[in-house]
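Working through the structure, step by step
What follows is the residue order along each chain.
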Amino acid sequence: MKKLKIGVAGLGRIGKIHLNNLLQLNNVEVIGVTDPAPEALEYSIDKGVKNTYETFNDLVTVDRLDAVVISTPTHTHANYVETSARLGKHIFCEKPLDLNIQRVKDVLKVVDKSKVKLMIGFNRRFDNEFRKVKDSINNGEIGDPHVVKITSRDPSPPPLDYIKNSGGIFLDMTIHDFDMARFIVDKEIDEIYVKGEALIDEKIKKEGDIDTAVIIMKYVDSSMAVIDNSRKAVYGYDQRIEVFGSKGMIQANNVKVDNSKLYNQNGTISSLPMDFFLERYMEAYKIEIKHFVDSVTKGIPISVSGNDGLKSLQIGLAAKKSLAENRPVKINEIE
Ligand SMILES: NC(=O)c1ccc[n+]([C@@H]2O[C@H](COP(=O)([O-])OP(=O)(O)OC[C@H]3O[C@@H](n4cnc5c(N)ncnc54)[C@H](O)[C@@H]3O)[C@@H](O)[C@H]2O)c1
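Cut-offs applied
Numbers given for residues are sequential positions, taken from 1 along each chain in its written order. Thresholds applied to this predicted model are a pLDDT of at least 70 for local features of residues and 80 or more for the giving and counting of side-chain atom pairs; totals over whole chains, interfaces and linings are not thresholded and use all residues. As used throughout, domain bounds are those supplied by an automatic or database domain assignment. Contact between two residues is assigned whenever their backbone-derived C-beta positions fall within 7 Å. The helix count covers DSSP runs of H or I at least four residues long, the strand count covers runs of E at least two residues long, and both are numbered beginning at the N terminus. The term nonpolar core refers to a set of buried Ala, Val, Leu, Ile, Met, Phe, Trp, Tyr and Cys residues connected through C-beta atoms within 7 Å. Residues with at least 20 neighbouring C-beta atoms inside 10 Å of their own are called buried, those with 12 or fewer are called exposed, and the rest are partly exposed, where every C-beta is derived from the backbone. Residue count minus one, scaled by 1.5 Å, sets the expected span of a helix. Taking the helix axis as origin, the arc is that swept by the directions to the C-beta atoms. In this entry, near means the residue's backbone-placed C-beta atom lies within 6 Å of the molecule or strand. Residue polarity is assigned by list, with Asp, Glu, Lys and Arg as charged and Ala, Val, Leu, Ile, Met, Phe, Trp, Tyr, Cys and Pro as nonpolar; anything else, Gly included, falls into the polar class. Here, any two strands with at least 2 DSSP bridges between them count as paired. All axes here are fitted lines through C-alpha atoms, helices being fitted over the stretch that makes contact, and every angle between N-to-C directions spans 0 to 180 degrees.

All right, on to the domain arrangement of the chain then. Taken domain by domain, the chain consists of domain 1 (4-116) and domain 2 (125-283 + 312-333). With centres defined by C-alpha atoms, the gap from domain 1 to domain 2 works out at 28 Å. In this assembly, eight residues from domain 1 lie in contact with eight residues from domain 2. Broken down by secondary-structure element, the contributors of at least two residues to the side of domain 1 that touches domain 2 are helix H1 (13-23) and helix H5 (101-114).

Structure (structure tokens):
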């Protein structure tokens, strides 16, 4: 069997997950990795990866390389995607592609011209619980979807340094929910209205960001979506979706650490939701990277395109505008 030869750039929280999942696939050969952190390179050597490269350019120019997985910090993504596309290497890139909409459009033009495949890391699309919701909607089981409700709360805020460069809550966190809102009912968003505050930490406010948000969106067919976000849920990573339609409703509830329940005279006690994204979406990350490999090797269409990355960024920027101007914003105001 011909193996797909892949390089991995960036071995932090998410890069390590991708590397481990790639190493489990028998139709993949991980040619090498790049990361400026010695600890990251040692990690890859321990995992049996033979080559480490000093720079992204050194990795991506390896002749026999077919594809790259980019899990470096966000500000590097656009350049690395562009370089890879020009060299004819297929690309899996973590979200977001960039924080600037024009830059994303320019990169996507280069990708289109190059004919390589580009997949963006919206991992929640591959979560089994959310897939069931989508399949049920597709099978007509809840009729016409009228209201999508997404609850998305992190267990704790990221470090302030992260917030300084992340583009803020809508671009680092809610961007996954914007993608999910489009994906789950297969409809585009027309308008967004946001209320948000820093209720958890004043320092987040000083950095110009918020930590709590309620978001109302209208789809192009006038159906609606609501998202509520918090950067700190004391009981764990709260990830739920409900879709209400003309014939019924479907819910995906939290995945818990275990399913046992203690009953006593005071009531019932069950375990908390899984701790954070690495635990909650462990299976989704496996399915996601396998989908990328299958798309390249078997010619299956990529199910999370560069355009999906662009759309969620556009909604995120519209959310920022809505908060700043305290008014509903049409998505097409962001060009
Ligand atoms: N899809 C998801 O669920 C998800 C989750 C977390 C992060 N992300 C995204 O993944 C990206 C990385 O996030 P993270 O949390 O893993 O960050 P991280 O800080 O844990 O890891 C980043 C790694 O990249 C390395 N690095 C820095 N500059 C580099 C360069 N020029 N070339 C190669 N390596 C370089 C760092 O040394 C570090 O090891 C971000 O864009 C983030 O938005 C996605």
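There's plenty left to go through after this.
Ile6, Val81, Ile91, Ala181, Ile184 and Ile192 are the most contacted members of the largest nonpolar core, which totals 89 residues. Residues lining this core come from more than one domain, with at least three contributed by each of domain 1 (4-116) and domain 2 (125-283 + 312-333). Discounting residues that sit within four places of it in the chain, isoleucine 91 has contacts with Ala67, Val68, Ile70, Val81, Ser84, Ala85, Val116 and Leu118.

A rise of 1.5 Å per residue sets the reference length of H5, with its 14 residues, at 20 Å; its end C-alpha atoms lie 20 Å apart and thus fit the reference within 8%. Every buried residue of H5 is listed here: Val104, Val107, Leu108 and Val111. All buried residues of H5 project into a common sector of 105 degrees when viewed along the axis, lining one side. Structural note: H5 exposes Gln102 and Lys113 on the side pointing more than 90 degrees away from its buried face.

Moving on, we come to the site of the ligand. What surrounds the ligand is a group of 23 residues, the closest being Gly10, Gly12, Ile14, Ala37 and Glu94. Of all the secondary structure elements, the ones that give two or more residues to the shell around the ligand are H1 and helix H4 (74-86). Broken down by element, the shell around the ligand gets its largest block of residues, three residues, from H1. Counted by class, the shell around the ligand contains nine nonpolar, ten polar and four charged residues.

Before going further, it helps to examine the sheet that holds strand S1 (residues 4-9). If you trace the six strands from one edge of the open sheet to the other, you get S3-S2-S1-S4-S5-S6, paired in parallel fashion. Bordering the open sheet on either side are strand S3 (51-53) and strand S6 (118-120), each of which pairs with just one other strand. Neighbour to neighbour, the strand axes of the sheet diverge by 20 degrees on average, direction disregarded. Where strand S4 (residues 67-70) lies against strand S5 (residues 90-93), four bridges are found, and the strand directions are parallel. Bridge assignment links valine 68 to a residue of S5, and that residue is isoleucine 91.

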